[in-house]
Amino acid sequence: MSTPHIPCLRLGKPYVSLSQSSVNDYRDGSEKATLSQVNAGVIRRDILRLNDAKAALNKLSTNELIEISAKAGEFFLKADLPVGVDGTTHSPQEYISTLSSTSGLPHVMVRRNMDKIHFALSNLKLILNGLTRGLDLSVLDNGFGEQAGSPVCFFPTTDALGLVMPSNSPAVNSLWLPSIALKVPIMMKPGRDEPWTPYRLIQAFIAAGCPEEAFGFYPTDHEGAGDILRLCGRALIFGDKSTTDIYAGNPGVQVHGPGFSKILIGEDEIDNWPDYVDLMASSIADNGGRSCVNASAVVVPRFGREIADALGEKLGAINPTSSDDPDAVLSGFANPKMGEWIDSAIEADLHQEGAEDYTAKYREGKRLVQNENGTFLKPSVVYCESFDHPLSNREFLCPYASVVEAPQKDMLRLIGPTLVVTAISNDSSFKKDLLAAPNIERLNLGPISTMKISWDQPHEGNMFEFLYKRRSIGMAA
Amino acid sequence: MSLEEKVKLAAEALDDHAVEMVKWHFSPETGCKFWLEWADKQDWNPLEEIKSFSDISNKFPNFQDEWLRDLPNDVWAPKAYAGRPFNIFETGGTTGMPKQRIGWDDYKIDYTAFSKTLSDEHFPKDHYWMMVGPTGPRRLRLAIEHLANERGCSCYFVDLDPRWVKRLIASKQYDQARAYMDHAIDQALTILKHRSVSALFTTPKLLEAMAERKDLVKAGIKGVFCGGTTMNKQYTRFLCEEVCEDGKIGFVPTYGNTLMGLARHRPFGPENDYSITYHAPQPRAVLRVVNTDTNTPVDYNDWGRVELTTLTKEFFMPRFLERDEAIRREPWEEAPWDGVAEVRPFGAMQKTIVEGVY
């Protein structure tokens, strides 16, 4: 099979650029696809044509678009879909193995990510019901209606949803999926190593009957990414802290950066800590430890060293395997330098007093593994005496967590901004404090994995409220 | 005449011109202080040993741009021009002292010659032009006005200071850089709204920005003469197909600077994937694409550093290494000497270069 060429999609129309990049197998560098790279001017000109894209989506009702989304979910999961301009298609298995070969995610994790996306597409009605708090969706078609006996009128805040996507996890694409049913076209810069998932999703939508004009897919440079974020009115950006800090406070840009998710155990439950080791381990290591919802710290009032040791024993023995191993736990690094940098950063900070790597004694060899299967980092669980240690509140693109001791009364102050908190406690006063804490995005009360997401509740912002605004309306009788 | 014969004749003309220019600049009766004093310090005599252009390439060291920055302007004035005030033109200078070149008539000679390469269809005579871009102390401002005048046209000007843009971008003040560009575009669109203009000289980025806010074809623009920043193949295609609407506006890319003059392009388009090749105004200026380690031209269709030699009576500048790299291309019927293609900042593939909006 020849190497496919993935074009840019200019409001649905394939466009082959004269500037092209390669998407390569992270292990041997072999070329898996070439990718059209477009200059920012192409994007700016297409943004001027967004009215056509909106008009195409507006021809369909929200309910029709929900049905199309569900059909797209089936196609995404099961169908052979176009992957290039030359008629090449990918079966689901080809998609899995190709994405795995360029991103480092083992097949089993790609499959799980596919299932998540499929679930989101199949359950869009439920998701929109949650996000709109039960709004009759015909209100979006008519522009006005009633909710709980009151007149309501919603208008879109933007002509398009801009997306600057990452390469680390396919399931992040599920965040933009409601946009189509909400009749807002997308303008996307895909991640450099991960054009596969968004391109496959777009092809699934088109095959399911969605107007192609709704999809802008623009592999581009920094200028192009900046223009997507600046000109789309509403946009999502994914990236590390240095990237996301630039857009913090910009109401038009929803920032998805590190999550610093945590598990907190209260005074009343800490003696039962052995019961929660499996929950802690899976929260740390599922999906290769790459997600913002992976736990990166376990905060406890005491038994910190014992918990770190138990997690170290459970996770320390995990070794990298081949990408098609159904039991694979670790992801390879598409960029080996990233793995090397993380390893050296952890090592450097371990030299500072007050921290101990409890995985080290259970680990065979070093944390960093470089072999014919790629570059990997074995799990790390680090006990920190306090939140003053630089490793206490860190997030890395691998299974990494600190175990930190802190009095229960100080926990909420010390943890800082946190995407997901799983709080294990029956103390009603502590629960009350948790429910009132403004620095927690998602709160799990009780032993629930930090990885568990509720699709019908906001994740780092409510997509409906991001894309629509309510205004008051009066109508003459 | 075959291309081969044309190449041979052009090479002979270059050799004759090179010898004549060296005689001019290194003779006490006509030469300038800088080169006469420089020659005194050498163990060889340019007047005797330069017998061809290749002698210049082999015997002179690379021209140092600090000489244009640090030395007083008058050391460069050939004796033959004594008593005539000179223009002082600047290049670069984002921080500190800029490079300065003095001149009298060179820009007129260069741009008069260039005018002959423009078509009347896209650059109609006896009308109005507008330049939107760096004016200030640059040769370009006078040169463009001369070029317009040469074609019976008058020219409007909107200034943009590239030194300020570079400082804004280097300090990550992107909003300010954008606001400054918008300020320039506002002025240009005001002129287009109230005056009839058929030809534009501007930079690719400013051209794009203008076209995003106004239909340039409907505004009466027939030709765009463009230079200043890198135009890779995709970008050139985009400018031709979308900004200039597939030939409705004639698109004339150029490569040039204060030290060289103006290089013309040879035909390009979908047939060669929009790869632009420029040819220097030889024999007044010579562009080589060289391997700087060996001081030899790279093979045709290979990348190398762009080296400029300027050979006019006003200015002699041997082997100046431009901050650009390019692909060496074979001679062309209308300019039967080497061309430089797909010019981009030297090291562009290795690092981010601040080029900004101009």
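A few points on the structure. (Residues numbered from 1 in each chain as written. Chains lettered and ligands numbered in written order. Predicted model: local features only at pLDDT ≥ 70, side-chain atom pairs only at ≥ 80, totals over all residues.)

Quick word on the overall build of chain A
Helix and strand counts for chain A stand at 17 helices and 24 strands. A globule of 477 residues ought to have a C-alpha radius of gyration of about 23 Å, and chain A, at 23 Å, matches this closely. A principal-axis box enclosing the C-alpha atoms of chain A has dimensions of 65 × 60 × 35 Å. When burial is assessed residue by residue, chain A has 52% of its 477 residues classed as buried. (Helix = DSSP H or I, 4+ residues; strand = E, 2+ residues; numbered from the N terminus. Rg over C-alpha atoms; globule rule 2.2 N^0.38 Å. Buried ≥ 20, exposed ≤ 12 C-beta atoms within 10 Å, placed from the backbone.)

Focus on the overall build of chain B
Counting secondary structure elements, chain B contains 11 helices and 15 strands. Burial statistics for chain B: of 358 residues in total, 42% are counted as buried. Long-range pairs, those at least 24 residues apart, make up 66% of the contacts in chain B between residues at least 6 apart in sequence. (Contact = placed C-beta atoms within 7 Å.)

Looking at the interface of chain B and chain A
Each partner contributes to the interface: chain B provides 11 residues, whereas chain A provides nine residues. Looking at the side of chain B that touches chain A, the elements that each hand over two or more residues are α10 (204–213) and α11 (233–243) of chain B. Here the side of chain B that touches chain A takes six residues from α11 of chain B, the largest share from any one element. Considering only residue class, the side of chain B that touches chain A consists of three nonpolar, two polar and six charged. (Nonpolar A, V, L, I, M, F, W, Y, C, P; charged D, E, K, R; others polar.)

A short note on the pairing of strand β5 (residues 199–202) of chain B
All names here are of chain B. Taking every second residue as pointing to the same face, both faces of β5 are buried, with Ala-199 and Phe-201 on one and Leu-200 and Thr-202 on the other. Examined bridge by bridge, strand β3 (residues 128–133) and β5 share four bridges and lie parallel to one another. Paired with Met-131 across the strands is Phe-201, a residue of β5. Pairing geometry for β5 and strand β6 (residues 223–226), over four bridges, is parallel. Along β6, the bridge assignment pairs Thr-202 with Cys-226. Between the parallel pair β5 and β6, the chain is carried across by α10, and the sense of this crossover is right-handed. (Pairing = 2+ DSSP bridges. Right-handed = clockwise from strand over helix to strand, strands pointing away.)

So, the nonpolar core
Generally speaking, a soluble globular protein has its nonpolar side chains buried in company with each other. Ala-72, Leu-163, Met-187, Phe-205 and Ala-235 of chain A together with Val-132 and Val-224 of chain B are the most contacted members of the largest nonpolar core, which has 167 residues in total. A total of seven residues in this core trace back to one element, the largest contributor, which is helix α9 (residues 196–207) of chain A. When neighbours within four sequence positions are excluded, Ala-235 of chain A is seen to be in contact with Leu-161, Gly-162, Leu-163, Ile-228, Leu-229, Gly-252 and Val-253 of chain A. With 57 residues, the next largest nonpolar core counts Ala-295, Phe-376, Cys-398 and Val-403 of chain A among its residues. (Core = buried A, V, L, I, M, F, W, Y, C linked by C-beta atoms within 7 Å.)

Some thoughts on the sheet that holds strand β23 (residues 440–445) of chain A
Residues and elements named next belong to chain A. With mixed pairing, seven strands are arranged side by side in an open sheet as β17-β20-β21-β16-β15-β22-β23. Here the strands that pair on one side only, and so sit at the sheet edges, are β17 (355–357) and β23. Going across the sheet, the axis of each strand differs from the next one's by a mean of 20°, ignoring polarity. Relative to strand β16 (residues 295–300), strand β15 (residues 261–265) runs parallel, the two being bridged by four bridges. Bridging from a neighbouring strand, Lys-262 pairs with Ala-297 of β16. Contacting β15, β16, β21 (400–405) and β22 (418–424), helix α12 (residues 277–285) runs over the sheet at an angle of about 150° to β16. (Axes fitted to C-alpha atoms, helices over the stretch in contact; angles between N-to-C directions.)

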